[in-house]
Amino acid sequence: MKPELVVFDNDGVLVDSEPIANRALAGLLTELGVPTSYEDSLRDYLGGTMARVHTIVRERDGVTLPADFDHVYHERVFAGFRAELEAVVGVADVLAALDRAGVAYCLASSGTHERIRLALTRTGLIRHFPESVLFSSQDVAQGKPAPDLFLHAAATMGVDPARCVVIEDSPLGVQAARAAGMTVYGYAAMTPPERLADADSLFKDMADLPELLGIRGASGGLSAQGI
């Protein structure tokens with residue numbers, strides 16, 4: 001059955017930003033006396049807010065990050081976006097298929113509105129996402145893994161959470177979608193499938209997503225047991 005609303009995460013789902021962002025985060029934390037590898041960053045921070053980074057570093061490492069941490073981090077990330085960011089392979093075709101099928105979609109990201117707009121503009125996906133369907137953790141009291149952001153998106157779009165499908169690539173995002181009472185499909189192209197095991201289904205190729213969403217005939221989509 002087709003969903004009434006598809007809610008896309010942004011980083012790692014619409015745009016291939018996770019390598020850029022996590023290299024920047026790992027490097028900056030290491031410079032500030034919190035040794036962090038790229039792999040550490042993916043494991044600990046993927047899908048979370050900047051507030052969550054501050055909390056983890058303070059509680060686990062006993063380090064209070066400087067007041068300009070977020071600003072410096074975003075400067076580095078935005079420079080990387082402008083130089084090399086690309087859309088996730090195949091996602092433009094998915095959006096076109098949703099348009100043809102008349103299925104509404106929106107974006108709900110832990111990133112700031114500035115980061116979202118830059119990423120979508122750089123990759124050309126901005127034409128699919130008017131301002132009215134862009135939702136950021138800045139819009140709610142608690143970001144992922146709390147359900148607030150997804151519930152806010154559904155309420156604004158006027159859709160029952162039970163009729164929404166979330167597309168996520170992070171464990172935090174999957175947890176948030178489940179807490180919101182939404183179906184969630186885990187995009188396991190970069191994230192190890194076992195970290196997304198709580199999703200309703202997993203897929204590794206955007207070409208398989210339309211079938212999962214019920215908007216195209218069989219194309220060999222992968223179930224959670226098939227990866």
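Computed from a prediction, not measured in an experiment: that's the story for all the values here.

A.B. asks: Please provide a residue-by-residue account of the overall build of the protein chain, values included.
C.D. replies: Broken down by element type, the protein chain carries nine helices and six strands. Expected size for 227 residues packed as a compact globule is a radius of gyration near 17 Å; at 17 Å, the protein chain falls within 12% of this value. Looking at the protein chain as a whole, 52% of its 227 residues qualify as buried. Sequence-distant contacts in the protein chain: of pairs separated by 6 or more residues, those separated by 24 or more amount to 61%. With an accessible surface of roughly 9,700 Å², the protein chain has 50% of that area assigned to carbon and sulfur atoms. Between the averaged position of the 19 positive side-chain charges in the protein chain and that of its 31 negative side-chain charges there is a distance of 2 Å.

A.B. asks: Pulling in residues and values, what's your account of the confidence of the model for the protein chain?
C.D. replies: Caution applies to low-pLDDT parts of the model: their predicted coordinates are not meant to be read in detail. With 95% of its residues at a pLDDT of 70 or more, the protein chain has an overall mean of 93. For residues 217-227, every residue scores under 50 in pLDDT, and the model assigns this stretch 23 contacts once sequence neighbours within four places are set aside.

A.B. asks: Lay out the environment of D148 in plain terms, naming residues and giving numbers.
C.D. replies: Mapped onto the elements of the fold, D148 is located in helix α7 (residues 148-157). Setting aside chain neighbours within four positions, we find D148 in contact with V140, A141 and Q142.

A.B. asks: Just give me the short version of the pairing of strand β1 (residues 5-8), but keep the residues and values in it.
C.D. replies: A regular strand places its side chains so that they alternate between the two faces of the sheet. Residues L5 and V7 line one face of β1 and the alternating positions V6 and F8 line the opposite face, and both faces are buried. For β1 and strand β2 (residues 104-109), the ladder comprises four bridges, and the chain directions are parallel. Within β2, the residue paired with V7 across the bridge is C106. Sheet topology places β1 next to strand β4 (residues 164-168); four bridges connect them, and they run parallel. Across the sheet, the residue bridging to V6 is V165, located in β4.

A.B. asks: Requested: an account of the nonpolar core, with residues and values cited.
C.D. replies: By size, the foremost hydrophobic cluster in this structure holds 73 residues, and its most contacted members are F8 and L98. The dominant element in this core, judged by the number of residues it contributes, is helix α1 (residues 18-31), at six residues.

About the criteria used
Residues numbered from 1 in each chain as written. Predicted model: local features only at pLDDT ≥ 70, side-chain atom pairs only at ≥ 80, totals over all residues. Heavy atoms only, no water. Helix = DSSP H or I, 4+ residues; strand = E, 2+ residues; numbered from the N terminus. Rg over C-alpha atoms; globule rule 2.2 N^0.38 Å. Buried < 20%, exposed > 50% of the residue type's maximum accessible area, 1.4 Å probe, protein only. Contact = heavy atoms within 4.5 Å. Areas by Shrake-Rupley, 256 points an atom, 1.4 Å probe, with all protein chains shown as cover. Lys, Arg positive; Asp, Glu negative; His and termini not counted. Charge placed at Lys NZ, Arg CZ, Asp CG, Glu CD. pLDDT = per-residue confidence, 0-100. Pairing = 2+ DSSP bridges. Core = buried A, V, L, I, M, F, W, Y, C linked by side-chain atoms within 4.5 Å.

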